[in-house]
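# Report on the structure
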Amino acid sequence: MRVEHVLTTCPYCGTGCRFYLQVVDNKLIGVVPCKTDEISQGRLCIKGYNAHAFVQHPDRLTHPMVRDGGHLRKATWDEALDKVVSEVKRISAEHGPDSVIVLASAKCTNEENYLFQKIARAAIGTNNVDHCARLCHASTVAGLLMSFGSGAMTNTIPEFENADCVLVTGSNTLEAHPLIGARILRAHDKGAKIVVVDPRDTPLSRLAHSSIHQQPGTDIAWINGMIKIIIDEGLHDEAFIRDRTSGFDELRKIVEPYTPEKVEEITQIPKQELIDAARTYANAEKAMIAYAMGVTQHSNGTNIVRALANLAMVTGNVGRESTGVNPLRGQCNVQGACDAGGLPDLFPGYQRVEDAEARKRFETAWGRTLPPTKGTTLTCAMKDALIGKVKAMIIFGENPMLSDPDIAHVEEAMKELEFLAVAEIFPTDTTKLADVVLPGACYAEKDGTFTSTDRAIRPLHKAVDPPGEAKPDWMIACELGKRLGAQGFDFSSPAEVLDEMARLAPIYGGISYERADAQVLRWPCPSKDHMGTPVLHIGGFKIGKGVLVPVDHAPPAEETSDEYPFILTTGRNLFHFHTGTMTRRSPKLEREAPEPYVEVNTSDAKRLGISNSDRVRVSSRRGEIALKARVTDWIMPGVIFIPFHYAEAAANRLTNPALDPVAKIPEFKVCAAQLKKA
């Protein structure tokens, strides 16, 4: 038996670990770590070790389907593609191109996402293109663009282990990003002080120098409180503030009321814990901030990101190794989907669609006039569908019927569409509503690149053939683009697509498939002789001076009441990923975490007569689910936690669709809830 080993990149979190897929006669039999990989260093998490298990699952979609008489039936590729094209053309002609939206995908490659946004802009004529970054890190892009001029991780994953202090907030790092968590543990072993701020106890918080629990929805208060302590005690970096930032006087004024006593009143953080944490962070020579969706998924998520940027700049912790503000992206290519232009206001490379010079560059390359105004977001499109403003959606590799907040509202909106096409690898709650289903290829069945959370371009190599008639999404996108009558969709490989993206997006100017395969390149990489940029903002910011943006605490969009006395927050567990489409078809992972649960504090459970593993009902103003209770002291009294992986008890039936006014990201992390024994 001859076993082939094909090097590729993990399809789960955005860490970008590379490994070898073991192949025998076009069958995947296992995963072997890559010992020479800079990121994983020959290690994988449990999801990575099982990344082969779902690929050839019998549930895979193998042929196109079209809806006929209320039911989906098998169709040819020509019939399915022609149906998509005819409906998009009809709806665009009757209602205008902005009645159509294209949803790109954080699970597809850079090249595919480039083509998805090109379909929207060059083939349909709309900037209505978005993807699930809207649901996880849109506030990162918006906040860091304003503060630093670049909306991405400032430093690299390997730098964590050389930091003197790591402040982690809104991230269960050892479960959601285990290989990044491992780097932080190595820093801890070298003497670094770890500060964790989170409403729950997590595996990392139990090892931390300081573990602080804040009331969900109060992050700006504790961050401003830390900044006030740092300024009052003279721990701020006066030279950095003077030479490299603007807005310090306004920031000093806004944080003045945030005394430790006031912060304790708002957040429930004991004042001495806040003081100690502020001193620990400010006194470190090299301090890194790491955060994830516990920061971004709020109705003021953009302002929380700006507050963290303020904290880093006030202490001079930007533009040096093992410092910075480091968002941990939660999907394999959510960073790359943003880079490639899968956003309604930004062309590839974060060039604004309202910028005439940038628009002209793309118009010249694509041979058509492009719309000058930004498009609608994923979250706003659902509301627009209800009022008839959005009539059609083309969705690539996303499952909004499980991932979006207030699922009942989402279902109502999607049923109002005149046309829905979905490209997917498995049947989902979203494909059930589709008029056309297009079977796609997963990561193991195609070439291309992902971009990791630290801006590294990570290649994929095809290991096995897609099942049945399934095709890589880049091929599907090219067919749609050509049939819609657009120029520039005659690509013969993903490498050719990446070359075009590199010509149009300066931050990718020096990136090619061959170079990325030979070395680790992080954008910005503007030319073929450039070695990439591990650390951003050395010596200066893209926008000149970093902007200290004064932001104030505001309560969550929805607060508790007598009827809904608990705060519900959501997140991930170690064994599953996103909506579970892949991990719940991986036998070992499903065996470890087979059913939904709600974490309840021991004192709350005792008061309500709930024992561990009891069936309970959790409800909000939007819906109700039933699941098992997990009684624990790992969560604060008055707060409950539900992982969002489980369709049979979907946490997003409960979550609040209230939006951040800038990033349009929903408030997944705080909603008022009721808990009762079933």
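Remember, it's a predicted structure, so these values are computed and weren't measured experimentally. (Residues numbered from 1 in each chain as written. Predicted model: local features only at pLDDT ≥ 70, side-chain atom pairs only at ≥ 80, totals over all residues. Heavy atoms only, no water.)

### Here's the deal with the domain arrangement of the protein chain
Applicable threshold: Residue ranges for the domains originate in an automatic or database domain assignment.
For the protein chain, the assigned domains are domain 1 (65–131 + 332–447 + 465–476), domain 2 (154–327) and domain 3 (566–677). Computed from C-alpha atoms alone, the centre-to-centre distance between domain 1 and domain 2 is 37 Å.

### Brief notes about the sheet that holds strand 24 (residues 615–619)
Strands pair in a sheet through their backbones, by hydrogen bonds, and they do so in one of two ways: parallel or antiparallel. Going by this rule: Two strands qualify as a pair provided DSSP detects at least 2 bridges between them. Going along the chain from the N terminus, every DSSP run of H or I of four or more residues is numbered as a helix, and every run of E of two or more is numbered as a strand. Here an angle of 0 to 180 degrees is reported between the N-to-C directions of two axes, which are lines fitted to C-alpha atoms, with helices fitted over the stretch in contact.
The six strands are arranged 22-26-23-25-24-29 in a closed barrel whose pairing can be described as mixed. Ignoring which end each strand starts from, the neighbouring axes of this sheet average 45° apart. Bridging between strand 24 and strand 29 (residues 671–677) involves four bridges; their strand directions are antiparallel. Considered in strand 29, the bridge of Val616 is made with Lys677.

### So, the pattern of salt bridges
Test applied: Any carboxyl oxygen of Asp or Glu that lies within 4 Å of a side-chain nitrogen of Lys or Arg is treated as forming a salt bridge with it. The buried label goes to any residue with under 20% of its type's maximum accessible area, the exposed label to any with over 50%, and the partly exposed label to all in between, with areas taken from a 1.4 Å probe on protein chains only.
Scanning all chains against the criterion turns up 44 salt bridges. The closest approach of N and O atoms between Asp517 and Arg18, which form a salt bridge, is 3.7 Å. On the criterion of sequence distance, the pair formed by Asp517 in helix 22 (residues 513–518) and Arg18 in strand 2 (residues 18–24) is long-range, its members being 499 residues apart. Assessed through its relative accessible area of 33%, Asp517 is described here as partly exposed. Since its relative accessible area comes to 7%, Arg18 is described here as buried. Across the pair Arg522 and Asp454 runs a salt bridge whose closest N-O atoms are separated by 3.0 Å. Taken together, the positions of Arg522 in the loop between helix 22 and strand 21 (546–547) and Asp454 in the loop between strand 19 (448–451) and strand 20 (457–460) put the pair 68 residues apart, joining distant regions of the chain.

### Describing the pairing of strand 22 (residues 566–571)
Looking down a regular strand, the side chains alternate between one sheet face and the other. Strand 22 sits mainly inside the fold: six of its six residues count as buried. Residues of strand 22 alternate between two faces, with Phe566, Leu568 and Thr570 on one and Ile567, Thr569 and Gly571 on the opposite face, all of them buried. As defined by bridge partners, strand 22 adjoins strand 26 (residues 639–643) across five bridges and the pair is classed as parallel. The partner of Thr570 across the bridge, within strand 26, is Ile642.

### Notes on the packing of aromatic side chains
Rule in force here: Between rings of Phe, Tyr and Trp, where Trp is taken as its six-membered ring, a pair exists when centres lie within 6.5 Å; planes separated by under 30 degrees are stacked, by over 60 edge-to-face, and by other angles tilted. Placement of a charge over a ring requires the Lys NZ or Arg CZ to be within 6 Å of the ring centre, with the centre-to-atom vector within 35 degrees of the ring normal.
Evaluation of the coordinates by the stated rule reveals 11 aromatic pairs. Relative to Phe396, the ring of Phe116 has its centre 3.8 Å away and its plane inclined at 10°; by these criteria the two rings are stacked. With Phe116 in helix 3 (residues 110–124) and Phe396 in strand 16 (residues 392–396), the pair connects residues that are 280 residues apart, well separated along the chain. Grouping residues by exposure puts Phe116 and Phe396 together as buried. Through successive ring pairs, a cluster of aromatic residues spans Tyr12, Phe19, Phe54, Phe426, Tyr443 and Phe577. Arg455 extends its terminal NZ or CZ atom over the ring of Trp523, reaching a point 5.8 Å from the ring centre.

### What about the packing of helix 2 (residues 77–95) against helix 20 (residues 473–483)?
Here is the rule: Roughly parallel refers to an angle under 35 degrees, roughly antiparallel to one over 145, roughly perpendicular to one between 65 and 115, and oblique to any angle outside these ranges. Crossings are classed by handedness, with left-handed meaning an anticlockwise turn of the near helix from the far one by less than a right angle and right-handed meaning a clockwise turn. Here, two residues are considered to be in contact whenever any of their heavy atoms come within 4.5 Å of each other. Amino acid classes used here: Ala, Val, Leu, Ile, Met, Phe, Trp, Tyr, Cys and Pro are nonpolar; Asp, Glu, Lys and Arg are charged; the rest, including Gly, are polar.
Contact pair helix 2 / helix 20: the axes reach a minimum separation of 10 Å and the direction vectors enclose 50°. With respect to each other, helix 2 and helix 20 are oriented oblique. Seen from above, helix 2 lies across helix 20 with right-handed handedness. Residues Trp77, Asp78, Leu81, Asp82, Val84, Val85 and Lys89 of helix 2 touch helix 20, and the partners they reach there are Ile476, Glu479, Leu480 and Arg483. Within the contact of helix 2 with helix 20, the residues separate by chemical class into six nonpolar, no polar and five charged.

### What to know about the sheet that holds strand 1 (residues 4–9)
Pairing in this open sheet of three strands is antiparallel, and the strands run 1-2-3 from one edge to the other. Across the chains shown, the open sheet's two edge strands, defined by having one partner strand only, are strand 1 and strand 3 (27–33). Averaged over all neighbouring strand pairs, the angle between strand axes comes to 35°, with direction disregarded. Pairing between strand 1 and strand 2: six bridges, direction antiparallel. Residue Glu4 lies in a different strand from strand 2, and its bridge partner there is Val23.

### Some thoughts on the environment of Pro371
With respect to the helices and strands, Pro371 occurs in the loop between helix 16 (356–366) and helix 17 (378–386). Once residues lying within four places of it in the same chain are set aside, the contact partners of Pro371 are Arg121, Gly125, Thr126, Asn127, Val353 and Arg359.

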